[in-house]
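# Observations on chain architecture
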Amino acid sequence: GESVGLHLPTLSVQEGDNSIINCAYSNSASDYFIWYKQESGKGPQFIIDIRSNMDKRQGQRVTVLLNKTVKHLSLQIAATQPGDSAVYFCAEKSQGGKLIFGQGTELSVKP
Amino acid sequence: GAVVSQHPSRVICKSGTSVKIECRSLDFQATTMFWYRQFPKQSLMLMATSNEGSKATYEQGVEKDKFLINHASLTLSTLTVTSAHPEDSSFYICSARDLDRLDTQYFGPGTRLTVL
């Protein structure tokens with residue numbers, strides 16, 4: 001496979017705080033990036049995407065920032081809620097439309 | 001819209017048997033579907049790209065004779081794990097790429113395979 005299997009890093013936040021999840025991508029030629037949320041025992045769920053001609057995109061309570069200089073992507077979740085607890089993956093689109101997934105971050109929201 | 005289903009959601013089988021997993025795009029056409037496997041606490045690893053009407057493209061290290069993929073229609077791809085062994089136990093997830101929105105992949109809910 002193209003992704004590396006490592007033990008998931010974790011982020012623990014208090015309910016109501018903002019969360020920032022970071023991701024480094026590998027290919028400087030990648031032009032499309034997506035953030036997914038995966039709850040336990042379920043498939044990934046699309047959150048937000050961004051193209052390489054943008055450096056910021058906002059959705060409902062979420063913002064994605066793209067820094068092409070250092071090949072870094074971040075997902076910001078405002079006013080984090082218990083329902084946001086999940087594993088978050090970034091993905092970059094490579095040749096042939098394949099997605100290369102990052103290692104993921106487990107977000108835990110404390111009430 | 002853009003719903004992808006998988007069947008079964010869970011399967012338990014004996015070592016040496018074969019298991020078929022179906023992936024369907026319910027409300028859109030998908031010329032391309034992707035199969036992933038995921039171990040606990042790990043990321044998704046792409047196994048193969050399934051193209052309607054042609055042979056699947058396998059990622060390096062994935063045995064094509066072990067993991068048979070068939071994409072017979074624009075809404076259905078199947079993954080058959082042949083002669084399953086306990087090390088094949090994993091969470092298998094498919095995704096489908098919308099013909100009209102080529103950048104977007106929609107994921108199925110996954111299939112938990114346990115080989116005894």
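Our subject is the structure listed above.
## Structural notes on the state of the cysteines
All names here are of chain B. Evaluation of the coordinates by the stated rule reveals 2 disulfides over all chains. Across the disulfide from Cys23 sits Cys94; the S-S distance is 2.0 Å. Disulfide Cys23-Cys94: the torsion about the S-S bond is 80°, which places it as right-handed. Of this pair, Cys23 sits in strand S3 (residues 19-25) while Cys94 sits in strand S9 (residues 90-97), and the two are 71 residues apart along the sequence. Summary of cysteine pairing: Cys13 is not part of a disulfide, and the nearest cysteine sulfur, belonging to Cys94, is at 18 Å.

## Observations concerning the pattern of salt bridges
What the rule picks out here adds up to 6 salt bridges over all chains. Of the charged contacts in the structure, one is a salt bridge between Arg57(A) and Asp49(A), with a shortest N-O distance of 2.3 Å. In this structure, the salt-bridge partner of Arg24(B) is Glu22(B), at a minimum N-O distance of 3.4 Å. Judged by relative accessible area, which is 34%, Arg24(B) ranks as partly exposed.

## Remarks on unusual backbone geometry
Cis geometry is found at the peptide bond from His7(B) to Pro8(B), where omega equals 0°. Mapped onto the elements, Pro8(B) comes out in the loop between strand S1 (4-7) and strand S2 (10-13).

What counts as what
Residues numbered from 1 in each chain as written. Chains lettered and ligands numbered in written order. Predicted model: local features only at pLDDT ≥ 70, side-chain atom pairs only at ≥ 80, totals over all residues. Heavy atoms only, no water. Disulfide = S-S within 2.5 Å. Helix = DSSP H or I, 4+ residues; strand = E, 2+ residues; numbered from the N terminus. Salt bridge = Lys/Arg side-chain N within 4 Å of Asp/Glu carboxyl O. Buried < 20%, exposed > 50% of the residue type's maximum accessible area, 1.4 Å probe, protein only.

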